[in-house]
Amino acid sequence: MEHLGKYDTIVVGAGVTGIVASVAAARAGARTLLVESSGILGGLITGGRLTKPTGIVQPGVYLDLIERAAHYGGADPAVQTSHWGTYSGVFDTEVMQRVIIETLEEAGVEVLLFAHVTGVLREGHQVCGVELHTKAGPYVATATTVIDASGDGDVAALAGAGFMYGRPGDGHVQPMTSYFRILNVQFSELAQDCLDHPDDIRELVIPEGAGRDNDDYVLKFYMAGFEQRIVDARRDGFEWIIPKAHLHMKAGLLPGELNVNATRVQGNALDPRTRTRAAIEVRKQAYCAFDFLKRYVRGMESAIFLDVAPVLGVRETRRIEGDYVLTEDDVRSEARFDDAIGLSNAPLDIHEPGGEGGAMIGVGSGYGIPYRCLLPQGVEGLLVAGRCLSVDSGAFASTRNTPACAITAQAAGIAAAECARRDITPRELRPEIVQDALTAVGVSLGSHVSDRAAVVMTS
């Protein structure tokens, strides 16, 4: 195999986790390679239209991207209030793609798209690189530290790390989904329809002072609900094929643009046939939801179906077994840890595994995420970050959200750079070194009850 190069760190996966981790590592002085199997940078926050962070975005690369997008008129960094807590940083997908490219280039990250990781290189228990398959054939790349930001924990699994899957009892995971986008919505009519049916609305955000002009609602309108209306439509003979009892809708950057999350496909996304079926099924469900909106919701009379997000929204697969497994009790009890690398207030965002329901449960001032959750048991030279973090199935409902993923990614990137500087493994690195670097950029760690971010998270 041809040797691609020797790096301080290789980051696998270019979703929000991989973007943040690679930029953080490069800014800390590491020669960094970012590997992605698709041709899309940003994963779900660009190709998946996941543009509304569920929680407060902490200082660091993710917040830098949002603020940069705001400079282009494509984001709103303001803190917003929800029934479950606070969140910040709504943005437009294409503007986000632009600022991701700019930020990667400025940081000096080498990017390799259309490259699939097929194996890992090891020296004993230590990962020292990855095997890649490209259109030009196989390559290898070596590094002091590898960061698994694949979401599915692909690298860790290839390295032999243990992993958890599904909830106890039945093994079900949160379902797959995809946003779809429609244009020519009359937002004032849609907003009034929601106001006229308060018992059928879970959550509603209408900008203060908004009138009949669609410009008033750009990046600000949000709603969740319509359970009763779906029931009534089915009773009316409408064929609702979606195994979900409600929907979510948010305004985009274009006046009259609405992004809808209504689709749901259960199953194991690690199985290629299941994943293929999901990619097709979400489109059929999107067409169904569009027909429902056109027929039963005001403001949709002239709506036009534009597209389905190109990146399938996989919520849950592997959770790697690390030196510490963060628990749902930790999340609910607002736990603090001596080795915490970020305070997350992301709610328990539950799309019922195997069912049609869902829930959003606030976590108060937030909880600390231990550095130990980034360290796969029995494997050296490897960090995991983002969706495949070492957590139980309950805690996962919170840590899978992008603000929490960015917290672990920022820490992983810094840790990888420090390991290269010292020629040590992530497990040998003292957490205080990472904490000091995070504190220097304004991150609230979640290591003490008096953490200053606790006030921000609940205000």
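Our subject is the structure that appears above.
Below you will find a few notes about this structure. Small disclaimer: the values here were computed from a predicted structure and weren't measured.

Further remarks concern the overall build of the chain. Helix and strand content of the chain: 12 helices and 21 strands. Here the chain has a C-alpha radius of gyration of 21 Å; the compact-globule value for 459 residues is 23 Å, and the two agree. Each principal axis of the C-alpha distribution contributes one length, and for the chain these read about 65 × 50 × 45 Å. When the accessible surface of the chain is totalled, it reaches about 17100 Å², and 50% of it is carbon and sulfur. In the chain, the 41 positive side-chain charges and the 58 negative ones have mean positions that sit 3 Å from each other.

On to the side chain of Lys-244, then. Here Lys-244 is to be found in the loop between helix H6 (227-235) and strand S13 (247-251). Despite being buried, Lys-244 has no salt bridge partner; Asp-349 is the closest side chain of opposite charge, sitting 8.4 Å away. In contact with Lys-244, not counting residues within four places along its chain, are Asn-261, Ala-262, Thr-263, Arg-264, His-351 and Glu-356.

What follows deals with the environment of His-116. Mapped onto the elements, His-116 comes out in strand S6 (residues 116-123). Taking the C-alpha atoms as reference points, His-116 and Ser-398, 282 residues apart in sequence, are found 28 Å from one another.

Scanning all chains against the criterion turns up 28 salt bridges. The shortest N-O distance in the salt bridge between Arg-27 and Asp-64 comes to 2.7 Å. You can see Arg-27 sitting in helix H1 (residues 16-27) and its partner Asp-64 sitting in helix H2 (residues 61-71), a full 37 residues away along the chain. Residue classification places Arg-27 among the partly exposed residues on the basis of a relative accessible area of 49%. A salt bridge links Arg-49 to Asp-307; its shortest N-O distance comes to 3.5 Å. Placement of the pair is Arg-49 in the loop between strand S2 (32-35) and H2 and Asp-307 in strand S15 (residues 304-308), with a sequence separation of 258 residues. Accessibility expressed as a relative area gives 10% for Arg-49, which makes it buried. Through salt bridges with shared partners, a single ionic network connects Arg-49, Arg-181, Glu-257 and Asp-307.

Moving on, we get to the pairing of strand S4 (residues 85-91). Most of S4 sits out of view: 6 of its 7 residues are buried. As paired elements, strand S3 (residues 75-82) and S4 share 6 bridges and run antiparallel to each other. The residue of S4 that forms the bridge with Asp-76 is Val-90. Where S3 hands over to S4, the hairpin turn is made up of 2 residues, counted between the paired strands.

Arg-229, Ile-230 and Ala-233 are the residues of H6 that are buried. Taken around the axis of H6, the buried residues stretch over an arc of 100°, which confines them to a single face. Of the surrounding secondary structure, the elements contacted by the buried residues of H6 are helix H5 (187-196) and helix H7 (272-296).

In this section: the environment of Glu-227. Examined against the element boundaries, Glu-227 turns out to sit in helix H6. The exposure class of Glu-227 is partly exposed, given its relative accessible area of 23%. Between the C-alpha atom of Glu-227 and that of Gly-357, which follows or precedes it by 130 residues, the distance is 10.0 Å. Discounting chain neighbours no more than four positions away, the residues touching Glu-227 are Asp-200, Arg-202, Ala-245 and His-246. A distance of 2.3 Å separates the side chain of Glu-227 from the side chain of Arg-202, its partner in a polar contact.

The nonpolar side chains of a soluble globular protein tend to be buried, and buried together. Tyr-62, Tyr-371, Leu-383 and Val-434 are the most contacted members of the largest nonpolar core, which has 66 residues in total. Listed by contribution, the elements that provide at least two residues to this core are H1, H2, helix H3 (93-107), strand S17 (340-344), strand S20 (367-370), helix H9 (393-399), helix H10 (402-422) and helix H11 (431-440). Once residues within four sequence positions are removed from consideration, Tyr-62 is found in contact with Val-16, Val-20, Ile-45, Pro-53, Val-57, Phe-91, Thr-402, Pro-403 and Ala-406.

Each value, and the rule that gives it
Residues numbered from 1 in each chain as written. Predicted model: local features only at pLDDT ≥ 70, side-chain atom pairs only at ≥ 80, totals over all residues. Heavy atoms only, no water. Helix = DSSP H or I, 4+ residues; strand = E, 2+ residues; numbered from the N terminus. Rg over C-alpha atoms; globule rule 2.2 N^0.38 Å. Areas by Shrake-Rupley, 256 points an atom, 1.4 Å probe, with all protein chains shown as cover. Lys, Arg positive; Asp, Glu negative; His and termini not counted. Charge placed at Lys NZ, Arg CZ, Asp CG, Glu CD. Buried < 20%, exposed > 50% of the residue type's maximum accessible area, 1.4 Å probe, protein only. Salt bridge = Lys/Arg side-chain N within 4 Å of Asp/Glu carboxyl O. Contact = heavy atoms within 4.5 Å. Pairing = 2+ DSSP bridges. Arc of directions from axis to C-beta. Polar contact = N/O pair within 3.5 Å; in protein donor to acceptor, adjacent residues only side chain to side chain. Core = buried A, V, L, I, M, F, W, Y, C linked by side-chain atoms within 4.5 Å.

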